[in-house]
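# Chains, contacts and geometry: an overview
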2 protein chains.
Amino acid sequence: MTDAGTTAAEAAYRGVRAAVVGTGLIGGSILLRLRDAGLDVTGWDPDPTTRDQARERGVSILETVEAAVAGRELVFLCGPLPTLPTALSAVAAASGPDCILTDVGSTKAEVAAAAARQGLLHRFVPGHPMAGAELAGLTAAGPTLLDGAAWVLCPGPVTAPFRWLTGLLLAVFGARVVPLAAAEHDRAAALASHVPHLLAGALAGATHRTAAPDAVLALAAGSFRDGTRVAATPAARTVNLLLGNREEVLRELTGVRAYLDDLAAALRTGDRERLTARYDEAGAVRRLLSDRAYTTRVRDFPVDGDHTGEVGWLRETGAAGGYLGACQVREGRVRYTARLPRAGSGVTRGPDGPADAVDRR
Amino acid sequence: MTDAGTTAAEAAYRGVRAAVVGTGLIGGSILLRLRDAGLDVTGWDPDPTTRDQARERGVSILETVEAAVAGRELVFLCGPLPTLPTALSAVAAASGPDCILTDVGSTKAEVAAAAARQGLLHRFVPGHPMAGAELAGLTAAGPTLLDGAAWVLCPGPVTAPFRWLTGLLLAVFGARVVPLAAAEHDRAAALASHVPHLLAGALAGATHRTAAPDAVLALAAGSFRDGTRVAATPAARTVNLLLGNREEVLRELTGVRAYLDDLAAALRTGDRERLTARYDEAGAVRRLLSDRAYTTRVRDFPVDGDHTGEVGWLRETGAAGGYLGACQVREGRVRYTARLPRAGSGVTRGPDGPADAVDRR
């Protein structure tokens, strides 16, 4: 039996003692969702006003980060990106040795390196839910903000925390868990999220400087609204994510600029054929976002022993555009159910996904 | 009394004989809306399949453009941009001398020049509804697609057709009619619509060429989805609108690239302060799209005689970011009710809007 308002999948996590450190847009949304799913959740935020707002929403907020994480089984680190290495250290010291830690920062290599330096790879799982809004703060948070999101997790050398957290994210958030190495996440996020923030900033900023900006805004419909939306993100958050992934962002921006140069050159010379070919190519990629066909692959691995094969398969799954839809541990084995783009439905090739696994049930 | 399903405002246009030439996404949506509002509408499309689809939706479709426009009071030209000058000539020849003509093309200077050459300025009103979708064709059309849209109309030396069409668009579509000179429309549309298509194409196209495109798509959330949406527009339509406004698009693209260069340079040197200042500026412009405060201005002009003052005021209203909310003719005068960005709510200055008019009612 489950409580009213929680599902059977969620019921497995009822009563789990979790904490959220940093209860802004993302952290607040995680906290509210965990609470609604029946977990025992505490929170903390450095801002007293945010703490008061959280209490008004009926959330258990403590006055110090140490009090919030003491005795917890799981802690989400949701503060601003530059604060994560320090917050990780503080939370690790204040929590028990088996407490699983994760974060929601928009880049992963730096915080993963900090965890390695701090000897936390056995219990820290770098994470990044690919959702959000151009709004900020707990007032914009809600328990459904992250429902169904793609949620990157970076499996480390010890996979038990990864498996357990994957199960929770699947059950509570209905997440599509994308397993990726930290460096591969940062490269993909540069194009999937950070460069779009640069383009949106350039389009909105150039409108500030054009000859008749008010007429532009009067005419702004879908393409301009969509193309500038994330320019309204609080500047500090945008700047943090760009600076936190600088090398990858600049590298991917080079490719986008080259494509833009190509389009502009074809436009300048009136080369209809070349323009059409470029837009056919670009449109085919964009349509994959909604039209992609997936196939299911099941793989299992021993729970104990060396995890190299498991980690390799997981990272390969994410790199091929796949995600995890189930993760079950039984009788000494972990079984993953992955969804992978069907052959011919990848961008440039069929996915380098693993072969279909034997169903060992 | 009005029929069920039509409003009092629409009732004034019941039975008006209108035609739509080109019944794709935009033309089809106009036709369906006009029909639902009680107008007597005929249509024509060069594609026999589209004609059949339109008939299946209960629309009166004729076999030739001449038959569709004969005896009509109003014709919307909704074919592809490059066909408009020719279509204008054909429709003008097949319609009566008092039939008002308008179009929905994404650029206005070229078709306005064609109308001048053809001696049609007394009955052709260049138009451009600022709405649409990345989809195409009658199957994607619907009677509500253009509801509430910003709809540019270019007032010419004879304003009677402009006034009448403005009244119809306000009543039937709930449009915000933005009056602009054709050249000013084209410049504003370059940044409001055409450059966003270039940026979307570059972002989606570069994804095709990056090292791990499938992982990018797996992570794609709001900013990538929004930033690439119009890349899925049929390539031929995108190429038409870019080539149709080439000079203005390239000029505005220069400004966007300069802003992007500036962002990239600040990112490369890790200049947090400069990045933040740029995003503060860009964010302020973007937030005006939803937060802008408007004030109402009323002006009237004599219906007869020289229309220079009326046309100048109208164009000034659109250039300042304003739009028309009402247009009434009575006792030899036309009264416009305009909504203008409130002083301090423009981008770089208070609007150069006209002074408050005396209410002459």
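Residues numbered from 1 in each chain as written. Chains lettered and ligands numbered in written order. Predicted model: local features only at pLDDT ≥ 70, side-chain atom pairs only at ≥ 80, totals over all residues. Heavy atoms only, no water.

## Considering the overall build of chain A
Inclusion rule: In DSSP terms, a helix is any run of H or I states spanning at least four residues, a strand is any run of E spanning at least two, and both are numbered starting from the N terminus. Partly exposed describes any residue whose relative accessible area lies between the buried limit of under 20% and the exposed limit of over 50%, with all areas from a 1.4 Å probe on protein chains only and scaled to the type maximum.
The number of helices and strands found in chain A is 14 helices and 12 strands. Within chain A, buried positions represent 57% of all 361 residues.

## Here's the deal with the confidence of the model for chain A
We count it as follows: The predictor reports its confidence for every residue as pLDDT, a score running from 0 up to 100. Note on definitions: a residue-residue contact is assigned when non-hydrogen atoms from the two residues lie within 4.5 Å.
Residues of chain A with pLDDT of at least 70 account for 92%, and the chain-wide mean is 90. Predicted confidence is poor over residues 348-361 of chain A, with pLDDT under 50, and the contacts of this stretch with residues over four places away or in other chains come to 31 contacts.

## Considering the side chain of Asp45(B)
Residues and elements named next belong to chain B. Put simply, the rule is: We count Lys and Arg on the positive side and Asp and Glu on the negative side, and we leave His and both chain ends out. Salt bridges are defined by distance alone: a side-chain nitrogen of Lys or Arg within 4 Å of a carboxyl oxygen of Asp or Glu. A 3.5 Å cut-off defines polar contacts: any pair of N or O atoms within that distance qualifies, except that in protein one atom must be a possible hydrogen donor and the other a possible acceptor, and neighbouring residues in sequence count only when both atoms are side-chain atoms.
For Asp-45, the position within the fold is in the loop between strand 2 (40-44) and helix 3 (48-56). Although Asp-45 is buried, it forms no salt bridge, and the closest oppositely charged side chain is Arg-51 at an N-O distance of 6.2 Å. A distance of 2.9 Å separates a polar side-chain atom of Asp-45 from the backbone nitrogen of Asp-47. Among all residues touching Asp-45, those that are not within four sequence positions of it are Gly-22, Thr-23, Gly-24, Thr-50 and Arg-51.

## Some details on the interface of chain B and chain A
Size of an interface: often given as the accessible area lost when the parts come together. The test is simple: Buried area is calculated as the accessible area (1.4 Å probe) missing from two parts once they are joined, with the contributions of both summed. All amino acids are sorted into three groups, where Ala, Val, Leu, Ile, Met, Phe, Trp, Tyr, Cys and Pro are nonpolar, Asp, Glu, Lys and Arg are charged, and the leftover types, Gly among them, are polar.
Tallying the contact residues gives 98 residues for chain B and 98 residues for chain A. Between chain B and chain A the total buried area reaches about 8,900 Å² when both faces are included, carbon and sulfur atoms providing 67% of it. Along the contact surface separating chain B from chain A lie 8 salt bridges. Residue Asp261(B) is joined to Arg257(A) by a salt bridge in which the shortest nitrogen-to-oxygen separation is 2.3 Å. Summed over the shared surface of chain B and chain A, the result is 22 residue pairs in polar contact (both at pLDDT 80 or more). Looking at the side of chain B that touches chain A, the element that brings in the most residues is helix 8 (residues 182-209) of chain B, giving 21 residues. Residue composition of the side of chain B that touches chain A, by class: 54 nonpolar, 23 polar and 21 charged.

## Considering the packing of aromatic side chains
Aromatic rings considered in pairs are described by the distance between their centres and by the relative angle of their planes. Residues and elements named next belong to chain A. To keep it simple, the criterion reads: Each Phe, Tyr or Trp ring, with Trp reduced to its six-membered ring, pairs with another whose centre is within 6.5 Å; inter-plane angles below 30 degrees give stacked pairs, above 60 give edge-to-face pairs, and intermediate values give tilted ones.
Following the criterion strictly, the structure yields 16 aromatic pairs over all chains and no others. Relative to Tyr-323, the ring of Tyr-294 has its centre 5.7 Å away and its plane inclined at 65°; by these criteria the two rings are edge-to-face. Linking Tyr-294 in strand 10 (residues 294-302) with Tyr-323 in strand 11 (residues 323-330), this pair joins segments that are 29 residues apart in sequence. Note on Tyr-323: relative accessible area 15%, which makes it buried.

## Topic: helix 12 (residues 246-268) of chain B
Under the convention used in this document: Expected span of a helix, by definition, is 1.5 Å for each gap between consecutive residues, and there is one gap fewer than residues.
Over its 23 residues, helix 12 of chain B runs 32 Å from end to end, which matches the ideal 33 Å to within 8%, given 1.5 Å per residue. Among the residues trailing helix 12 of chain B, Gly270(B) stands out with phi positive, at a value near 65°.

## What to know about the sheet that holds strand 6 (residues 124-125) of chain A
All names here are of chain A. To keep it simple, the criterion reads: At least two DSSP bridges between two strands are required for those strands to pair. Each axis is a line fitted through C-alpha atoms, and for a helix only the stretch in contact is used; angles between axes span 0 to 180 degrees, taken between their N-to-C directions.
Taken together, the 6 strands give an open sheet; going across it, the order is 3-2-1-4-5-6, and neighbouring strands pair in parallel fashion. Whereas interior strands pair on both sides, the edge strands pair on one side only; in this sheet they are strand 3 (60-61) and strand 6. In this sheet, strand 2 (residues 40-44) lies alongside strand 1 (residues 17-21) in parallel orientation, the contact comprising 5 bridges. Bridge pairing links Ala-18 to Val-41 in strand 2. Sheet strands in contact with helix 7 (residues 160-173) are strand 4 (74-77), strand 5 (100-103) and strand 6, and its direction is about 75° off that of strand 4.

## A word on the packing of helix 12 (residues 246-268) of chain A against helix 12 of chain B
The packing of two helices is summarised by the inter-axis angle and the distance between the axes. Counted only if it meets this: In what follows, roughly perpendicular refers to angles from 65 to 115 degrees, roughly parallel to angles under 35, roughly antiparallel to angles over 145, and oblique to any angle outside these ranges. Crossing handedness follows the turn of the near helix against the far one: under a right angle anticlockwise gives a left-handed crossing, and clockwise gives a right-handed one.
At a minimum axis distance of 12 Å, the contact between helix 12 of chain A and helix 12 of chain B shows a crossing angle of 165°. By the angle between their axes, helix 12 of chain A is roughly antiparallel relative to helix 12 of chain B. Here the hand of the crossing between helix 12 of chain A and helix 12 of chain B comes out left-handed. Touching Arg246(A), Val249(A), Leu250(A), Leu253(A), Arg257(A), Leu260(A), Asp261(A), Ala264(A), Leu267(A) and Arg268(A) of helix 12 of chain A are Arg246(B), Val249(B), Leu250(B), Leu253(B), Arg257(B), Leu260(B), Asp261(B), Ala264(B), Leu267(B) and Arg268(B), all from helix 12 of chain B.

## Focus on the pattern of salt bridges
If you walk through the whole model with that rule in mind, you get 38 salt bridges over all chains. Arg17(A) is the salt-bridge partner of Glu73(A), the closest N and O atoms lying 3.4 Å from each other. Within this pair, whereas Glu73(A) is found in the loop between helix 4 (65-69) and strand 4, its partner Arg17(A) is found in strand 1, the two being separated by 56 residues in sequence. We classify Arg17(A) as partly exposed; its relative accessible area is 36%. Arg55(B) is the partner of Asp52(B) in a salt bridge, and the nearest nitrogen-oxygen pair spans 3.3 Å. Of this pair, Asp52(B) and Arg55(B) both sit in helix 3, 3 residues apart, which is roughly one turn of the helix. A relative accessible area of 33% places Arg55(B) in the partly exposed class. Residues joined by salt bridges that share partners form a network here, namely Arg51(A), Asp52(A), Arg55(A) and Glu63(A).

## What about helix 2 (residues 25-36) of chain B?
All names here are of chain B. With 12 residues, helix 2 should cover 16 Å at 1.5 Å per step; its first-to-last C-alpha distance of 17 Å lies within 8% of that length. Burial of helix 2 is extensive: 10 of the 12 residues sit out of reach of the surface. Turning to helix 2, its buried residues number three or more, namely Leu-25, Ile-26, Gly-27, Gly-28, Ser-29, Ile-30, Leu-31, Leu-32, Arg-33 and Leu-34. Just downstream of helix 2 lies Gly-38, where phi reads positive at about 95°.

## Describing the relation of the copies chain B and chain A
Test applied: Superposition of the copies used a least-squares fit over C-alpha atoms from residues whose pLDDT is at least 70 in both.
The transformation that overlays chain B on chain A combines an axial shift of 0.0 Å with a rotation of 180°, and the residual RMSD is 0.0 Å. The two molecules are tied by a two-fold rotation axis, judged by turn and shift. A shared binding surface is used by both copies, with 100% of the interface residues of chain B retained as interface residues in chain A.

## Considering the pairing of strand 9 (residues 176-179) of chain A
All names here are of chain A. For clarity, the cut-off: Orient the strands so they point away from the viewer; a crossover is then right-handed if the path from the first strand over the helix to the second runs clockwise.
Note: strand 8 (residues 150-153) against strand 9, 4 bridges, orientation parallel. Looking across to strand 9, one finds that Leu-153 is bridged to Pro-179. Between the parallel elements strand 8 and strand 9, the chain passes through helix 7 in a crossover that is right-handed.

## Description of the domain arrangement of chain A
Residues and elements named next belong to chain A. Short version of the rule: Domain delimitation in this document rests on an assignment produced automatically or drawn from a domain database.
Structurally, chain A comprises domain 1 (8-180), domain 2 (186-290) and domain 3 (292-341). Using only C-alpha atoms to locate each centre, domain 1 and domain 2 end up separated by 31 Å. With 13 residues of domain 1 at the interface, the matching set in domain 2 holds 13 residues. The tally of links from domain 1 across to domain 2 stands at 0 salt bridges.

## Some words on the sheet that holds strand 4 (residues 74-77) of chain B
All names here are of chain B. Reading across the sheet, the 6 strands line up as 3-2-1-4-5-6 and stay open at both edges, with parallel pairing between neighbours. Strands at the two margins of the open sheet, each flanked by one partner only, are strand 3 (60-61) and strand 6 (124-125). Inspection of the sheet shows strand 5 (residues 100-103) paired to strand 6 by 2 bridges, in the parallel sense. Considered in strand 6, the bridge of Thr-102 is made with Val-125. Those strands touched by helix 7 (residues 160-173) are strand 4, strand 5 and strand 6, and its axis lies near 75° from that of strand 4.

## With respect to unusual backbone geometry
The phi dihedral of Glu331(A) is positive, around 50°, even though this residue is not glycine. Structurally, Glu331(A) can be placed in the loop between strand 11 and strand 12 (333-341).

## Notes on the environment of Leu81(A)
Residue and element names in this part refer to chain A. For Leu-81, the position within the fold is in the loop between strand 4 and helix 5 (84-94). Look at Leu-81 and you get buried, because its relative accessible area is 15%. Separated by 163 residues in the primary sequence, Leu-81 and Gly-244 have C-alpha atoms spaced 7.4 Å apart. Apart from the residues within four sequence positions on either side, Leu-81 is in contact with Gly-105, Ser-106, Thr-107, Asn-240, Leu-241 and Gly-244.

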